[in-house]
Amino acid sequence: MKDGLITLEYVNTVIKRRDRSIHKGDCGRILLIAGSLGMAGAAVLCGRAALRSGAGLVQIAVPEELFPILQMGVPEATCVSRKSLNLDWQRYDAIAVGPGLGEDAEHGELIRRIAREYEGTLVLDADGLNQAARNHLQEDLRKARCSLIISPHIGEAARLLDMEVGQAGAWDRQELARLLVEKTNAIVVLKGAETIVATPEGTSYTNTTGNPGMATAGSGDVLTGIITSLSGQGLLPVDAAKAGVCLHGLAGDLGADRLGEYGLTAGDLTVMTALAMKKILLG
Ligand SMILES: NC(=O)C1=CN([C@@H]2O[C@H](COP(=O)(O)OP(=O)(O)OC[C@H]3O[C@@H](n4cnc5c(N)ncnc54)[C@H](O)[C@@H]3O)[C@@H](O)[C@H]2O)[C@@H](O)CC1
Ligand SMILES: Nc1ncnc2c1ncn2[C@@H]1O[C@H](COP(=O)(O)OP(=O)(O)O)[C@@H](O)[C@H]1O
Ligand SMILES: [Mg+2]
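Residues numbered from 1 in each chain as written. Chains lettered and ligands numbered in written order. Predicted model: local features only at pLDDT ≥ 70, side-chain atom pairs only at ≥ 80, totals over all residues. Heavy atoms only, no water.

(A) Just the UniProt feature "binding site: (6S)-NADPHX" (unreviewed entry) in the chain, in detail. Per the UniProt record, "binding site: (6S)-NADPHX" (unreviewed entry) is annotated on Ala42, Gly100, His153 and Asp221. Those annotated residues from the list above that line the largest pocket are His153. With respect to the element layout, Gly100 can be found in the loop between strand 5 (94-97) and helix 4 (106-117). Overall, Gly100 belongs to the buried group, its relative accessible area being 7%. Discounting residues that sit within four places of it in the chain, Gly100 has contacts with Gly35, Ser36, Met39, Ala42 and Asp127. Counting through the fold element by element, Asp221 comes out in helix 10 (residues 219-232). Judged by its relative accessible area of 15%, Asp221 is buried. (UniProt positions renumbered as here; feature names shortened; annotations may be inferred. 1 Å grid on protein atoms, 1.4 Å probe; cavity = no way out; pocket = protein on both sides within 12 Å on 5 of 7 lines; lining within 4 Å. Helix = DSSP H or I, 4+ residues; strand = E, 2+ residues; numbered from the N terminus. Buried < 20%, exposed > 50% of the residue type's maximum accessible area, 1.4 Å probe, protein only. Contact = heavy atoms within 4.5 Å.)

And the structure:
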């Protein structure tokens with residue numbers, strides 16, 4: 001069932017306004033568990049997008065050998081080693097796991113632990129979802145203590161549902177999103193042209209922004225950064241998911257206006273996210 005459209009007017013009503021006396025600790029402290037050798041860029045894009053959408057403090061957990069890349073790529077963020085990741089999860093207002101994470105088998109256990117222990121909002125994307133599918137964590141996700149947002153594209157959705165990509169692609173996208181909600185009890189962001197956000201409460205929404213220029217490597221990593229950032233800033237998980245996809249699509253539209261659909265890159269999207277946020281706040 002389709003309950004509504006996600007519009008810029010709606011996003012304007014849910015974005016938090018900043019008090020004059022606000023400090024970075026009030027603007028969301030987030031952890032991004034992302035990136036691996038060969039996919040450091042995914043962590044860079046995710047981190048930049050989180051900052052451009054207003055996160056106050058961004059920490060990125062990567063293999064130590066990637067510290068120089070991350071600290072050059074996102075100098076505003078701090079890095080923490082993923083070697084023995086044993087952090088106090090509750091220190092973070094939101095956590096993301098997945099962009100460019102890679103296929104290391106131990107990440108399955110990491111996701112299981114965070115889902116079981118963490119009390120904030122967890123955003124799972126990309127290899128976070130692939131690891132969940134490979135390690136059959138759907139039931140662990142259903143029982144998660146944290147609020148859970150998952151952001152699969154159709155390929156990741158198929159893996160979670162144990163389907164072939166072609167089979168998943170033949171489904172009505174609203175119904176596929178509902179199937180994912182049933183499987184994981186998460187807020188589901190089913191990406192693509194007209195991204196759908198479906199909730200465990202039975203509602204579903206369709207995004208109104210975005211364009212084919214966003215079909216470019218890394219644009220989903222940018223979305224994960226934005227949704228995690230908004231969650232960390234205190235939006236309800238469902239609002240962070242809905243506002244995140246709309247803001248991300250608007251960044252794509254502003255980027256395509258300036259650069260065209262062919263030349264737009266995910267890196268451009270991170271910068272355009274700042275302009276999109278400005279436009280939304282101006283109303
Ligand atoms: N610069 C970087 O470091 C980048 C790293 N990335 C990471 O690379 C890893 C692999 O992710 P990928 O998504 O590339 O690989 P996947 O194998 O998960 O997905 C690609 C496949 O999924 C299917 N698919 C995806 N979207 C679809 C759609 N809308 N309609 C139909 N089929 C669709 C297609 O079969 C496609 O070949 C992830 O960890 C990801 O975060 C990517 O985000 C790209 C950029
Ligand atoms: N044709 C399109 N129209 C609108 N948005 C699109 C289109 N193609 C892709 N996108 C958006 O771009 C992003 C792609 O994410 P994803 O497939 O995870 O890419 P990556 O893993 O390379 O970062 C999603 O947010 C998706 O909604
Ligand atoms: Mg992706």
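(B) Looking closely at the site of ligand 1. Among the 16 residues in the neighbourhood of ligand 1, the closest are listed as Gly100, Asp127, His153, Arg159 and Asp221. His153 places a polar side-chain atom, nitrogen or oxygen, 2.8 Å from an oxygen atom of ligand 1. For ligand 1, an oxygen atom lies 2.7 Å from a polar atom in the side chain of Asp221. Protein chains bury 54% of the 850 Å² of accessible surface belonging to ligand 1 in isolation. Taken together, the elements giving at least two residues each to the shell around ligand 1 come down to helix 2 (40-52), helix 5 (126-134) and helix 7 (154-160). When residues of the shell around ligand 1 are assigned to their parent elements, the largest contribution, 4 residues, is made by helix 7. Its residues placed into classes, the shell around ligand 1 shows 6 nonpolar, 6 polar and 4 charged. (Near = heavy atom within 4 Å. Polar contact = N/O pair within 3.5 Å; in protein donor to acceptor, adjacent residues only side chain to side chain. Areas by Shrake-Rupley, 256 points an atom, 1.4 Å probe, with all protein chains shown as cover. Nonpolar A, V, L, I, M, F, W, Y, C, P; charged D, E, K, R; others polar.)

(C) Broad picture of helix 9 (residues 173-184). In this model, helix 9 (12 residues) spans 17 Å end to end at C-alpha, consistent with the 16 Å of a helix rising 1.5 Å per residue. Its side-chain oxygen placed 3.1 Å from the backbone nitrogen of Gln174, Asp172 serves as the N-cap of helix 9. Phi for Asn185, located one or two positions after helix 9, is positive at around 60 degrees. (Expected span 1.5 Å × (residues − 1).)

(D) Representation of the site of ligand 2. Looking at ligand 2, there are 16 residues lining it, with Lys191, Gly192, Gly218, Ser219 and Gly220 nearest. In the model, an oxygen atom of ligand 2 is placed 3.0 Å from a nitrogen or oxygen of the Gly192 main chain. A distance of 2.7 Å separates an oxygen atom of ligand 2 from a polar backbone atom of Gly220. Contact with the protein chains hides 78% of the accessible area of ligand 2, taken as 580 Å² for the molecule alone. Among the cavities detected, the one that contains ligand 2 is the largest pocket. No other element matches helix 10, which puts 4 residues into the shell around ligand 2. Residues that form the shell around ligand 2 fall into these classes: 6 nonpolar, 8 polar and 2 charged. (Sits in = over half its atoms within 2 Å of the grid points.)

(E) Layout of the environment of Ala34. Within the secondary structure layout, Ala34 lies in the loop between strand 2 (29-33) and helix 2. The sequence separation of Ala34 and Gly166 amounts to 132 residues, and the corresponding C-alpha distance is 28 Å.

(F) View of the pattern of salt bridges. This model, assessed by the stated rule, comprises 7 salt bridges. In this structure, Arg134 engages Glu103 in a salt bridge whose closest nitrogen and oxygen atoms are separated by 3.9 Å. With Arg134 in helix 5 and Glu103 in the loop between strand 5 and helix 4, the pair connects residues that are 31 residues apart, well separated along the chain. Using a relative accessible area of 45% as the deciding quantity, one classes Arg134 as partly exposed. Using a relative accessible area of 60% as the deciding quantity, one classes Glu103 as exposed. One salt bridge in this structure joins Arg113 and Glu117, with 3.9 Å as the shortest N-O distance. Residue Arg113 and its partner Glu117 are both found in helix 4; the two are separated by 4 residues, about one turn of the helix. (Salt bridge = Lys/Arg side-chain N within 4 Å of Asp/Glu carboxyl O.)

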